Amino acid sequence: MCGIVAYAGPKSVHSVLLVGLTRLEYRGYDSAGIATIDKGELEVRKEKGKIKELEDLLKLYPIEGPAGIGHTRWATHGQPSKGNAHPHTDCKNRMALVHNGIIENHHILRNELTAKGHLFHTDTDTEVIPHLIEEEWKKTGDLKEAIRTSVVRLEGRYSFCLVHDEFPDTVFFARDGSPLVFGQGAGETFLASDILAVIPQAKEQFIIENGQWGWINKDGMHLFDADGTEVTFETTKITMQVSELDKGGYEHFMLKEIYEQPDMLRRIIERRMDEKGKIRFDEMEMSNDFFGRVGRILVTSAGTSWHAGMVGKIYLERFARVATEVDISSEFRYRNPIAEGDTLVMAISQSGETADTLAGVHEAKAKFCRVLSLVNRTESTIAHESDAHIDLMAGPEIGVASTKAYTAQIMHLLFFSLMMSGVRWLTEKEDREEMFQEIRMIPAKIEAILEKADEIKEMAKQFKTTKDFVFLGRHFNHPTALEGALKLKEVSYIHASGYAGGEFKHGPIALITDEVPVVCLAPKTEIYEKMVSNIEEVRSRKGKILSIVTEGDETVPAMSDFCFTIPNCPDYLTPILSVIPLQLLAYYVALERGCEPDQPRNLAKSVTVE
Ligand code: AGP
């Protein structure tokens, strides 16, 4: 939520900031703004709406300077408007600041500063920061000291960047809770919420740690701890490629990411399974000895990652025979979970920055549990704060609706469960070999599904004005039903609910009319017959049946208004295959309804507020 970027160097500062903000737009697109010190004067340009609006403004009123800051907003405090757009300034208009996070004590600070004569112009929590720094600055006349003493007063989560007219070639910054990374280029430097904003110009990176602050100019960074002691730091080489950040010929990132799944899974399978069928998690620093002793697993995650966690629970209980609970992160931290020394907490997060999940990690650590995170961004806060992490290897996911990260999460949860079952001697060699064979065939089976995408595209045409959708699935595909409903809601704004097939008759079946399409996940598994009964129940109430079935099935297609077949596979792999047509359905229905699937209204990719 909210993206910040800063630049110090010889290039056109507004161009560098605009590129960075466009890359960060997945973090919010309610408004955007930049600030520089242009010929000694603070200049701010901001606009409501997407980066394009800011770009148009800058064509009319360009600004330059040796350094600058930029922001793309997902509104938390104060409605999306030009007035509430960042950067925010002090009373004398000498400094401007961009912020990602929430200042929880902003009311107290605002009252205190107002009493001292500061004038506020916005509804944001952020505006207190430049005024607070201004107030502290009056005391010493030293801006650096003013930043150090101001951050001590801030409660909540933040990372911010600031420019001041006394230091035109410098950007000041501080971090506590929200991500901020330093990028070093050749004679130029960067700061950003996410390193993808500043590649390929930034060659090396350093993740700023909580409590650190400092400044950058074109030559480098000066970094300090909370006491004001200068900290030495070592940068690491950036490996992300800029080619991973474009649409690669697809109309939208969402579609590109759906189509990336076969190759992504091939990469995952190749890295995680060696030729001898042994499972490897090289980056995960936790011993087999510990996994042998784990008595219980608590999974904490949100949204799509929560759905993946639900599939993971079935894997962990079936293959590793470990009692597993799965919680929505925002509930986990408040329910005072019972956790003994042999409890492993698993945090699943694509971004690695989700505030609720991070809070769950903190809760787990407060209870002295070991925390293992499954993250797609290994440099993220959740990875950093966990005892060990697993890299989901999905590559950058830009579309706000998560697609490829979901199948990467499920595949990794499967491998993790098989690794644990190996440590505990729970599966026979022959069974494992058979499973590995099946897993290796999954990428090609997804390709076969994608080859039939036009069937879904065609079918989506009839849902232009549909108001409600229901998704039903059981066992491995109950989470698929929830995920299919979430995808459709997110990108097409159609109300959709997912239910466990058997639970449907206990109330929600009252929703069924001939106007409600019901997506029924009925691949061949051991509960197939039960699902058939659920479909009968819906059909007899005149619900419109759209089914996902295994090739060769003749029963469910005969009961369906529309039927899509997926290749045969063992039950534990069905959630990976059956979600693909649902991702396509959401995407094509969104297009039919004129929605922008990559940037759905009200959403941001990375939810860094609780
Ligand atoms: C998925 O389509 C959503 N955009 C959202 O539910 C997401 O999965 C959730 O916010 C969790 O994000 P994370 O995986 O980055 O922690």
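Please read these numbers as outputs of a predicted model, since none were measured by experiment. (Residues numbered from 1 in each chain as written. Predicted model: local features only at pLDDT ≥ 70, side-chain atom pairs only at ≥ 80, totals over all residues. Heavy atoms only, no water.)

Turning to the packing of helix H3 (residues 106–115) against helix H4 (residues 128–140), a few remarks are in order. At their nearest, the axes of H3 and H4 sit 10 Å apart, and the two run at 45° to each other. With respect to H4, the axis of H3 lies oblique. The handedness of the crossing between H3 and H4 comes out as left-handed. The segment H3 lies against H4, with His106, Leu109, Arg110 and Leu113 engaging Val128, His131, Leu132 and Glu135. Taken together, the residues of the contact of H3 with H4 sort by class into 4 nonpolar, 2 polar and 2 charged. (Axes fitted to C-alpha atoms, helices over the stretch in contact; angles between N-to-C directions. Helix = DSSP H or I, 4+ residues; strand = E, 2+ residues; numbered from the N terminus. Parallel < 35°, antiparallel > 145°, perpendicular 65-115°, else oblique. Left-handed = near helix turned anticlockwise from the far one by under 90°. Contact = heavy atoms within 4.5 Å. Nonpolar A, V, L, I, M, F, W, Y, C, P; charged D, E, K, R; others polar.)

Once that is clear, we can look at the packing of aromatic side chains. Under the counting rule described, the total for this entry stands at 19 aromatic pairs. Centre to centre, the rings of Tyr315 and Phe476 are 5.7 Å apart; their planes meet at 45°, and the pair counts as tilted. Here Tyr315 is found in helix H9 (residues 303–319), whereas its partner Phe476 is found in the loop between strand S20 (468–473) and helix H17 (478–492), with 161 residues between them in sequence. Classification of Tyr315 by relative accessible area gives buried; the value is 0%. (Phe/Tyr/Trp six-rings, centres within 6.5 Å; stacked < 30°, edge-to-face > 60°. Buried < 20%, exposed > 50% of the residue type's maximum accessible area, 1.4 Å probe, protein only.)

With that settled, the discussion passes to the sheet that holds strand S3 (residues 41–48). Strand order across the open sheet formed by 8 strands is S3-S2-S4-S1-S10-S9-S11-S14, with antiparallel pairing between neighbours. Strand pairing shows two members of the sheet lacking a second neighbour, S3 and strand S14 (236–237), which therefore form its edges. Sheet topology note: the strand S1 (residues 3–8)/strand S10 (residues 189–192) ladder contains 4 bridges and is antiparallel. When the bridges of S10 are listed, Ala6 appears paired with Leu191. Running at roughly 155° to S1, helix H1 (residues 13–24) makes contact with S1, strand S2 (31–38), strand S4 (67–73) and S10 of the sheet. Against the sheet, helix H2 (residues 51–60) touches S2, S3 and S4, its axis set at about 135° to S3. (Pairing = 2+ DSSP bridges.)

Reading across the sheet, the 5 strands line up as S16-S15-S17-S18-S19 and stay open at both edges, with parallel pairing between neighbours. Unpaired on one side and paired on the other, strand S16 (323–328) and strand S19 (388–391) mark the two borders of the sheet. Averaged over all pairs of adjacent strands, the angle between their axes in this sheet comes to 20°, without regard to strand direction. Of the strand pairs in this sheet, strand S18 (residues 370–375) and S19 are connected by 4 bridges, and their pairing is parallel.

With that settled, the discussion passes to the domain arrangement of the protein chain. For the protein chain, the assigned domains read domain 1 (3–244), domain 2 (248–440) and domain 3 (450–597). Computed over C-alpha atoms only, the centres of domain 2 and domain 3 are separated by 26 Å. Contacts between the two partners involve 31 residues from domain 2, matched on the other side by 29 residues from domain 3. With both chains or domains summed, domain 2 and domain 3 bury close to 2,500 Å², and 71% of this area falls on carbon and sulfur atoms. Our count for the contact surface shared by domain 2 and domain 3 stands at 1 salt bridge. Ionic pairing is found between Asp571 and Arg318, a salt bridge with its closest N-O pair at 2.7 Å. For the side of domain 2 that touches domain 3, the secondary structure elements donating two or more residues are helix H6 (253–259), helix H7 (261–272), H9, helix H13 (404–423) and helix H14 (429–440). (Domains from an automatic or database assignment. Buried area = accessible area lost by both parts, 1.4 Å probe. Salt bridge = Lys/Arg side-chain N within 4 Å of Asp/Glu carboxyl O.)

Our next topic: the site of the ligand. In the region of the ligand, 15 residues are neighbours, and Ser305, Ser349, Ser351, Thr354 and Glu490 sit closest. Within the side chain of Ser349, an N or O atom sits 2.6 Å from an oxygen atom of the ligand. A distance of 2.8 Å is found between an oxygen atom of the ligand and a backbone nitrogen or oxygen belonging to Ser402. Mapped onto the shell around the ligand, the elements with two or more residues apiece are H9 and H17. Looking at the shell around the ligand residue by residue, the classes come out as 5 nonpolar, 8 polar and 2 charged. (Near = heavy atom within 4 Å. Polar contact = N/O pair within 3.5 Å; in protein donor to acceptor, adjacent residues only side chain to side chain.)

Take a negative patch on the surface next. Taken together, Glu428, Glu430, Asp431 and Glu434 make up a surface patch of like negative charges. Note that Glu428 resides in the loop between H13 and H14. (Patch = residues over 30% accessible without salt bridge, like charges linked within 9 Å, V, L, I, M, F, W, Y side chains within 5 Å. Areas by Shrake-Rupley, 256 points an atom, 1.4 Å probe, with all protein chains shown as cover. Lys, Arg positive; Asp, Glu negative; His and termini not counted. Charge placed at Lys NZ, Arg CZ, Asp CG, Glu CD.)

Applying the stated criterion to the full structure yields 0 disulfides. The thiol of Cys2 is not disulfide-bonded; the next cysteine sulfur, from Cys161, is found 13 Å away. With relative accessibility at 7%, the residue Cys2 sits in the buried group. Summary of cysteine pairing: Cys569 is not part of a disulfide, and the nearest cysteine sulfur, belonging to Cys563, is at 15 Å. (Disulfide = S-S within 2.5 Å.)

Here the focus is the pattern of salt bridges. By the definition in use, this model includes 38 salt bridges. When the shortest N-O distance is used, the salt bridge between Lys82 and Glu47 registers 3.8 Å. Residue Lys82 is found in the loop between S4 and strand S5 (88–89), and its partner Glu47 is found in strand S3; the two are separated by 35 residues along the sequence. Accessibility expressed as a relative area gives 41% for Lys82, which makes it partly exposed. In this structure, Glu145 engages Arg148 in a salt bridge whose closest nitrogen and oxygen atoms are separated by 2.9 Å.

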